[in-house]
Amino acid sequence: METKMRRVDVLVIGGGVVGCAILRELSRYDATVALLERNPDICEGTSKSNSAIVHTGFDAPPGSLEARLLAEARGLWPDIIESLHIPYLQTGALMVATSVEELATIESEIIPKAERNGVVLQRLAREEILEAAPYVNPRVAGGVLVEGEGVIDPFWTTRAYCENAVSNGAQVFLGEPVTGIDVADECVYVHTGGGGAIAASMVVNAAGLWADEVARMAGDDSFTLTPRRGQFIVVEEDHGVSQIILPVPNRISKGILVTPIVFGGVLLGPTAEEVDVKTDLATTAQGMHQIREGISKLVPVMAGAESVRQFAGLRAVSSTGDYIIRASAVSSRILHVAGIRSTGLSASPAIGRYASGLVRDELSLSQRNHFMDELPEYLTDMHPDEGDVVCLCRSITRGEILSALRSPLPPATLDSLKRRTGVMLGDCQGNLCMARLIDLFQEQLGRDPLTLNKNVAGSCPIAGRLPGTGFLLEGQESLELDGRDRDE
Amino acid sequence: MSELYDLAIVGAGLSALSALQAGIASARTVVLDYQEHPGGFLKAALPAPGFEEAWELVQSSRIPQRVTTFYGTTAVGLLPAFEAGEPHVLIVRQRQGTEEVHAQRVLIACGGLELTREHAQIPGTRPAGVITPVLAHQLLSRGYLPGKRAVVYGDSRYARATAQRLAGVGIEVTLVLPTEETHTAGQPEGKQPSLTGAELIAIEGFPRLEKVKFRRDGEFFDVPADTLVYGTGMMANTHWLRGSGIITGEYGTIQVNSFYQTNVQGVYAVGTVIAPSLDHAGSIAMGKEVASLLIGGTQ
């Protein structure tokens, strides 16, 4: 491939919720800004597989940067939800003690910590809990209500940040991994494989779980991140669950929760497992068992509930114990935004402001004359004669799918269409409509079905053309499974 | 759609076609189906050995001229009548938008969805290449190969026919049966190797499937494959009835009495929606029976 050098003022590495929130804030300034993501779509890492809660930060370590940004984010969310039309439900969270010891922990640790974080918790007696949430285990001893906690759609949030940035002039480069970083006096060169490179006056390292590896490419080994896996079980029938139900946390994590999903249904999990590799997204029999067992103590009806889907996500555990948002010791042209743990979604509005403010100061940027902070309503751009249903399980119409395919940041994979519209998320898990979706990608975007991946390179559901149909790929002598993705 | 129908049939699969052939339709009958053609989801797999009766029905059935048909039309909700004598209202989506269909009686014959590995909570990765038979048939019908080396897991006639069709296009197929049961009458005899009494316990590989893990007689073994066709059975396609008051049970199955009546007067159900384990012959037989009962003036 030809060497292609692109020049921007600021390059954000990583298209997760944090990177996209920063991109949106940066697009307020009079500068060329761009985002680089190695996957074919944004929101492919930690941001897509989590409990989707907007936390108040009541239990964050008091005095930490994390606690400060979570507190600041509380005040920013209402405007963001409104102007970007993000589905959100303020469900409140009930922390439920199942023993006298746990009740004592709430009094001695949880309530004082929440007070230091500026969050008021409301004590509830056993009877009050059972009245508000009759599905909770009747053996509950008592608990507290965290009124400000709610649930959101993490992908919608990430996409909305990103599309809003794009509508304000930001560029997005998808499917390009960072392969090397050279720090020069006047700029930073970010190499993206195959001879591609981007020269940026400033780089924001928001590479999530891989932020330590990106730092190392620039010669900075000041922190390490290790993956912690969380498995989840998705239940379609909510069995009346309308609040987030939390156990009293232990030292490692917040424990296994019951969380309503903003579009309906309930999420059970996560587990908290230290794993060796940053790609280990497998679910396990032990994990499923652990979730069901944990849940049975909180909400017994969920212990045996039918599940439509299970998944795992990985979150970053930082060697420093707090968010790492600072310039690299190697160069002030690199700003790390790393170690965002499991609270990146919740804190994203404040992280976006804080990080973009550091960039502004470093580069002396000024505000643009006009910034559009609103997005139009999503998936309403429907044409006549597109009202028929394609996704049977979720009753999603052809118009909604075509609207997503026509959007400013169109989906490049089947999973990215799934996250934009909700197709393939129902009982059949896409088996009924996937062939029709493949047809629509071809009709609308001219996408060859043999190059259309499920998600990452090498995940095409089609292995070749049938013998005798005369459509063997060029250079193919027989029907081989070809590694047909150029990104690999 | 202000017209008032005597009977609205939701679904044009085998049980509906069979009922229509047996004369269930009056002058004011409407049939609607999600697909652009009658025959149900099984149609993509036909013709197939062991499914002669279904193929015959799909080929020969002529929906009577007087019956209104809406294809590409999906029922997304049912509002039962408040009082006897009033019509039931089906909310449907079609190209022109969301519409209502009013009918004195409704026959729900909208079939089933195939169970996935997710329903059985099979652990492991989530790679490309893990599919159910309907997707395998739809890809093949479009001229696409779902894979090169497939495991077909399931012991139904449908699973066997799927294995045979995949083998027929040059895919290396291993048929794995969860039960000990061997060949039974009326089922096609495939040439592909098969394993019996093996339980699927995990899926490995990413981004494409690499191997399928099984347990048999307390021993574990792997079958290398780029494709798993998970064909263990069906669930009722009844998520669209949530909130309608129609009582459903496990796997979304609609509860009916021996006259195919649901708990709501004037609403009937037949085929896979009331018995997900039904095979095609059962659906056809049920279609005939419901026709004779409804023509016979049963309420």
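What you are looking at is a predicted structure, and each value in this text was computed from that prediction instead of being measured. (Residues numbered from 1 in each chain as written. Chains lettered and ligands numbered in written order. Predicted model: local features only at pLDDT ≥ 70, side-chain atom pairs only at ≥ 80, totals over all residues.)

### Brief notes about the nonpolar core
Inside soluble globular proteins, nonpolar side chains tend to come together where they are buried. Residue and element names in this part refer to chain A. The line we're drawing: Joining buried Ala, Val, Leu, Ile, Met, Phe, Trp, Tyr and Cys residues through C-beta atoms within 7 Å gives a set, and that set is a nonpolar core. The exposure label follows from counting other C-beta atoms within 10 Å of a residue's C-beta, where the C-beta atoms are placed from the backbone and the thresholds are 20 or more for buried and 12 or fewer for exposed, leaving partly exposed in between. Where a domain begins and ends is set by an automatic assignment or by a domain database. The contact rule is simple: place each C-beta atom from the backbone, and if two of them lie within 7 Å, those residues are in contact.
Of all hydrophobic cores here, the largest spans 122 residues; its most connected members are V10, L11, I13, I22, L23, V204 and I245. Three or more residues apiece are contributed to this core by two domains, here domain 1 (4–48 + 154–224 + 320–363) and domain 2 (93–147 + 226–315). Ignoring sequence-local partners within four residues, the contact set of I22 consists of V12, V204, A206, V337, I351, G352, A355 and S356.

### Remarks on the interface of chain B and chain A
When the parts of a complex come together, some accessible area is lost, and that lost area is often used as the size of the interface. Using the following cut-off: Numbering goes from the N terminus for both helices and strands, where a helix is a DSSP run of H or I of at least four residues and a strand is a run of E of at least two. Gly falls in the polar group here, along with every residue not listed as nonpolar (Ala, Val, Leu, Ile, Met, Phe, Trp, Tyr, Cys, Pro) or charged (Asp, Glu, Lys, Arg). Here, strands pair whenever DSSP counts at least two bridges between them.
Taken residue by residue, the interface counts 44 residues in chain B and 47 residues in chain A. Of all the secondary-structure elements, those providing two or more residues to the side of chain B that touches chain A are β4 (74–79), β5 (88–94), β6 (97–108), β7 (112–114), α3 (133–141) and β9 (144–145) of chain B. For the side of chain B that touches chain A, a count of residues per class yields 18 nonpolar, 17 polar and 9 charged. One ladder, built from 2 bridges, connects strand β23 (residues 464–465) of chain A with β9(B); its direction is antiparallel. Across the sheet, G464(A) pairs through a bridge with L145(B), a residue of β9(B).

### Considerations on the domain arrangement of chain A
By domain assignment, chain A separates into domain 1 (4–48 + 154–224 + 320–363), domain 2 (93–147 + 226–315) and domain 3 (380–488). Between domain 2 of chain A and domain 3 of chain A, the C-alpha centre-to-centre distance is 35 Å.

### Let's talk about the sheet that holds strand β8 (residues 130–131) of chain B
Residues and elements named next belong to chain B. The sheet built from 5 strands is open, its strands ordered β8-β16-β10-β11-β12 with parallel pairing. Strands at the two margins of the open sheet, each flanked by one partner only, are β8 and β12 (194–196). Bridge count between strand β11 (residues 172–177) and β12: 3 bridges; the pairing is parallel. The partner of L177 across the bridge, within β12, is T196.

### So, the confidence of the model for chain A
Selection rule: The predictor reports its confidence for every residue as pLDDT, a score running from 0 up to 100.
In this model, chain A carries a mean pLDDT of 93, and residues with pLDDT of at least 70 account for 94%. Segment residues 470–488 of chain A is flagged for pLDDT under 50; beyond a separation of four residues in sequence, or across chains, it makes 26 contacts in the model.

### Here we look at the sheet that holds strand β8 (residues 150–152) of chain A
Residue and element names in this part refer to chain A. If you walk across this open sheet you meet the 3 strands as β3-β8-β4, and the pairing is antiparallel. Two strands bound the open sheet, and with one partner strand each, they are β3 (53–54) and β4 (88–89). Alignment of β3 against β8, held across 2 bridges, turns out to be antiparallel. In the strand pairing of β8, I53 is matched with V151.

### Regarding helix α1 (residues 17–26) of chain A
Taking burial as the measure, the 10 residues of α1(A) include 10 buried ones, the bulk of the element. When we look at burial in α1(A), the residues that qualify are V17(A), V18(A), G19(A), C20(A), A21(A), I22(A), L23(A), R24(A), E25(A) and L26(A).

### So, the pairing of strand β10 (residues 180–183) of chain A
Residue and element names in this part refer to chain A. Pairing analysis gives 4 bridges linking β10 to strand β11 (residues 188–191), with the strands arranged antiparallel. Pairing of D182 across the sheet is with Y189, part of β11. Connecting β10 to the next strand, β11, in antiparallel fashion are 4 residues.

### Here's the deal with the pairing of β5(B)
All names here are of chain B. Most of β5 sits inside the fold, with 5 of its 7 residues counted as buried. Note that β4 and β5 share 5 bridges and pair antiparallel. If you follow L79 over to β5, its bridge partner there is V89. As defined by bridge partners, β5 adjoins β6 across 7 bridges and the pair is classed as antiparallel. Paired with H88 across the strands is A103, a residue of β6. Counting the residues that bridge the hairpin from β5 to β6 gives 2 residues.

### What to know about the domain arrangement of chain B
In terms of domains, chain B is made up of domain 1 (4–113 + 234–295) and domain 2 (116–230). Each partner contributes residues to the interface: domain 1 of chain B has 8 residues there, and domain 2 of chain B has 14 residues.

### Section: the environment of T238(B)
Residues and elements named next belong to chain B. If you trace the backbone, T238 turns up in the loop between β17 (234–236) and β18 (267–269). With 162 residues separating them in the primary sequence, T238 and V76 have C-alpha atoms 9.7 Å apart. Sequence-distant contacts of T238, defined by excluding residues within four places in its chain, comprise T248, G252, I254 and V273.

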